[in-house]
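# Close look at the chain arrangement
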Amino acid sequence: MSRVGRWIDERIDLTGIRRSLLDRPVSQNLTWWHTLGSATLAVFLVQVVTGIVLGMYYSPSPDHAYESIRYLERAVVSGATVRGMHHWGASAMVVLVFAHMIRVFTMGAYKYPREINWLLGVALLFIVLGFGFTGYLLPWDQKAYWATAVGTNIAGTTPFIGAKLVTLLRGGSQQGAATLTRFYSLHVLLLPVLLVIIVGLHLFLVIRQGVAPRTAELETNAPKRTSDSGYPAYYRTREHESKTGGYRFWPDIIAKDVITGTMVIAILAILGRFVGAGLEAPADPTDSSYVPLPEWYFRPFFQLLKLVPGSWESAIAVGLPMALVVVLLLLPFFDKRSTRSITKRPAAATILGGIIISMAVRLGASMRDQPKNAVAPEVGRILTSTERAGRTQFERQQCGGCHKLAGMAAVPKKEDAPDAPELTEVGLRHSTAWLHSYLEDPVRFHPDSKMPAYGPPTLSHQEIEELSRYLSSLRGLPALNKQPEFRDTFPEPLKAKETK
Amino acid sequence: MSSTSAEQVPASDGDGSEGRRSFLKRLSAFGALISAGLVSFPVLRAIFPPTARRLKGGNWVKVADDTALLDIGVPIRVNFVQSVDDAWIESRTLNGVWLYTEDGEKFKAYNGHCTHLGCSYFYDKDRKDFFCPCHRGQFDVKTGKVLDGPPPRPLDELEVQVRDASVFVNYKDFRLGVPERIEA
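Residues numbered from 1 in each chain as written. Chains lettered and ligands numbered in written order. Predicted model: local features only at pLDDT ≥ 70, side-chain atom pairs only at ≥ 80, totals over all residues.

### Here's the deal with the overall build of chain B
Rule in force here: Only DSSP runs of H or I with at least four residues qualify as helices, and only runs of E with at least two residues qualify as strands; both kinds are numbered from the N terminus onward. Here a residue counts as buried when 20 or more other C-beta atoms fall within 10 Å of its C-beta, as exposed when 12 or fewer do, and as partly exposed in between; the C-beta atoms come from the backbone.
Helix and strand content of chain B: one helix and 11 strands. Reading the helices (α) and strands (β) of chain B from amino to carboxyl end gives α-β-β-β-β-β-β-β-β-β-β-β. Burial status across chain B gives 22% buried among its 184 residues.

### Regarding the overall build of chain A
Stated formally: By definition, residue pairs are in contact when their C-beta atoms, positioned from the backbone, come within 7 Å.
Along the backbone of chain A there are 20 helices and zero strands. Expressed as lengths along the three principal axes of its C-alpha atoms, the size of chain A is roughly 105 × 65 × 45 Å. The burial tally for chain A puts 34% of its 500 residues in the buried class. Contacts spanning at least 24 positions in sequence make up 78% of the contacts within chain A whose residues lie at least 6 apart.

### Quick notes on the domain arrangement of chain B
To keep things clear, this is the line we draw: Delimitation of the domains relies on an automatic or database domain assignment.
Domain parsing of chain B yields domain 1 (15–47) and domain 2 (60–170). Each of domain 1 of chain B and domain 2 of chain B has a C-alpha centre, and the two are 57 Å apart.

### A word on the sheet that holds strand S8 (residues 146–148) of chain B
Residue and element names in this part refer to chain B. Stated formally: Any two strands between which DSSP finds at least two bridges are classified as paired. The convention used is that axes are lines fitted to C-alpha atoms, helices contributing only their stretch in contact, and that angles between N-to-C directions extend from 0 to 180 degrees.
In spatial order, the strands read S5-S6-S7-S8; together these four strands make up an open sheet with antiparallel pairing. The open sheet has two edge strands, strand S5 (122–124) and S8, and neither has a second partner. Averaged over neighbouring strand pairs, the angle between their axes works out to 40° when direction is ignored. Bridge count between S5 and strand S6 (residues 129–132): three bridges; the pairing is antiparallel. Looking at S6, one finds that Tyr123 is bridged to Phe130.

### Considerations on the packing of helix H17 (residues 432–440) of chain A against helix H19 (residues 461–472) of chain A
Relative placement of two packed helices is described by the angle separating their axes and the distance separating the axes. Residues and elements named next belong to chain A. Note the threshold: An angle below 35 degrees is treated as roughly parallel, one above 145 as roughly antiparallel, one from 65 to 115 as roughly perpendicular, and anything else as oblique. Note on convention: near helix rotated counterclockwise from far helix by under a right angle means a left-handed crossing. Clockwise means right-handed. When residues are sorted by character, Ala, Val, Leu, Ile, Met, Phe, Trp, Tyr, Cys and Pro go into the nonpolar class, Asp, Glu, Lys and Arg into the charged class, and all the rest, Gly among them, into the polar class.
As a packed pair, H17 and H19 sit with axes 8 Å apart at the nearest point and diverge in direction by 130°. With respect to H19, the element H17 is oriented oblique. Crossing geometry of H17 relative to H19 is assigned as right-handed. Of the residues in H19, those in contact with Thr432, Leu435, His436, Leu439 and Glu440 of H17 are Ile464, Glu465, Leu467, Ser468, Arg469, Leu471 and Ser472. When the residues that make up the contact of H17 with H19 are grouped by side-chain class, the tally is five nonpolar, four polar and three charged.

### Quick notes on the interface of chain B and chain A
Counting residues at the interface gives 33 residues for chain B, matched by 45 residues for chain A. When residues of the side of chain B that touches chain A are assigned to their parent elements, the largest contribution, 16 residues, is made by helix H1 (residues 18–47) of chain B. Here the side of chain B that touches chain A is composed, by residue class, of 19 nonpolar, nine polar and five charged.

### Let's talk about the environment of Thr386 of chain A
Residues and elements named next belong to chain A. You can see Thr386 is positioned in helix H15 (residues 385–396). It is 7.1 Å that separates the C-alpha atoms of Thr386 and Arg469, two residues lying 83 residues apart in sequence. Apart from residues lying up to four places away in sequence, Thr386 is in contact with Glu466 and Arg469.

### A few points about the domain arrangement of chain A
Split by domain assignment, chain A resolves into domain 1 (25–368) and domain 2 (385–499). Here the C-alpha centroids of domain 1 of chain A and domain 2 of chain A sit 45 Å apart.

### Observations regarding the packing of H15 of chain A against H19 of chain A
All names here are of chain A. Axis separation between H15 and H19 bottoms out at 7 Å; the angle between their running directions is 100°. Put simply, H15 runs roughly perpendicular to H19. In contact with Thr386, Glu387, Ala389, Gly390, Arg391, Gln393 and Phe394 of H15, H19 contributes Glu463, Glu466, Leu467, Arg469 and Tyr470. Among the residues making up the contact of H15 with H19, the classes are represented as four nonpolar, three polar and five charged.

### Things to note about the nonpolar core
Test applied: When buried Ala, Val, Leu, Ile, Met, Phe, Trp, Tyr and Cys residues are joined through C-beta atoms within 7 Å, the set is termed a nonpolar core.
Grouped together as the largest cluster of nonpolar side chains are 56 residues, with contacts concentrated most on Val43, Met93, Leu138, Trp140, Ala144, Ile265 and Leu268 of chain A. Going through the elements one at a time, helix H3 (36–57), helix H4 (65–74), helix H5 (79–106), helix H6 (115–137), helix H7 (142–156), helix H9 (177–209) and helix H11 (249–274) of chain A together with H1 of chain B are the ones with two or more residues in this core. Contact partners of Met93 of chain A, with chain neighbours within four places excluded, come to Thr40, Val43, Phe44, Gln47 and Val128 of chain A. Judged by nonpolar contacts, the second largest core, of 20 residues, contains Ala64, Cys114, Phe130 and Tyr171 of chain B.

Quick look at the structure:
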């Protein structure tokens, strides 16, 4: 130890800390499943670091929130990657927290003496979901705005206190500027502080109690119930025996944790760099045609609401999460049988399997159920009323039956539908005037075009103009920020007319 | 409740031979390094703000409509408002230049910021020189040279063009407080 090290050690006993923290003996043969908790912690650290960078470029006001995110995406070097990592990190947190909880549940590790740590874990689960819900609004794009509107409306269906609750969540009766600052404050001030405190306690207990021995070691000759008077003594002996293999926390356990953590972080880096977080058009509170969807981990619950009749809605929407909280909180106090392995707990296995399968089924159904015909405005700005009328026309004429458009679910194709050009960037190539003439009579431009003529009487000139304006607004995905370069060529007769 | 003290560690280390142990330690350090690198690479790049775009062909500003209306031998300060890209918003800034002529044909223009720490200086009519009130810097009107005080370099002279009797200045800002003239 260096001189400085010795000087510090004499005063605050670093050796003692190292001995009780790093050199503590641990149970042998801990599985890879045991690394899920520390992987969650690693992702949380990623969220903290990337979140600090996002905070440097974010303006929590409806006037500027969207613009500031777009600036981060387009102008800041690696800004899109950092945001992408934060976005995927949120999903990773939810996945890992759930997986960790399932691990603890199937190994019966919430039983004596770890009931308190289970309760802390349940609190952490809901804090993580709270992060997801509040963070979703912050980019202030269409998806963010409308999903949060629905989410807060669900809270509003709570009996008795619903109206009060929804005003409290939104910071007013309507969703708006006060909602955004409120969610921002929860997301970057309250929730991180809560999470750090509870994670601290959670880890403190893990160190204090040690990781639970493997299930088999706690099942041979065990008293029937953990509440039996002989159980604590039995547990102590067994636990002590499990730690005599000479395995220590450092480096035996930490090496495994680091491997899992590194893999998870590598996946986040890849997703963040190559998939990114996506940004829709800015939130438009006057756009009634947008069909909102919550983030995927809320989808099973969202999908469930489609299956229940309206009169049951508040019971399911509010009752189910409440019931889940109560069940999770009471679990370690009701389930006192000393069997731990999931294979010896048929009832627990059935319930867990049922929940996982039904959630997966509903998530799958929600993915298949993606709203059809939703045409996303791709301009990175709010559409004008004329353009919006054009978009309605686009849907009514089923343009999407032949043409592809990014951000729009494919309309079921007609049998004989010919392959038509993609329209995602049509506004970059052609002017409104050109599009107008083309729509009137495509054959004049391309003699063998299979596109029908939309000129009167099919559509009025007013309607064609609206449609052209909408098409002209399609200038590629917002993140690309391309500039139009018109390559309009008009057929001969029209040119002749123009020169006269 | 189990107590976990070092005394309980048995003498025999089971599978934990010293070689395996040091391998795991190196493996951990390696993994931690990779993780830290994967996160800090984009993060460190992102905390450096993007460099502002330079306007092609310079930032020419019309500062006087008619050369005939300008006083000879007395500098005049011209302020102008410009729209600038301020990260994700467009904002307006007020900048100024001091315009000076001895013959009504050739013009000198100085950036309106004192080269010391960027305060706005003014024309002292009695002493006939520029005076910066912040730290008592003084500059010569004809050349921009430092006469007195802490400024590290002469006033920043700007390019001037006269077109159709209007005076245009290529406005630029320079790094403050250093002796070299470096565009900011």
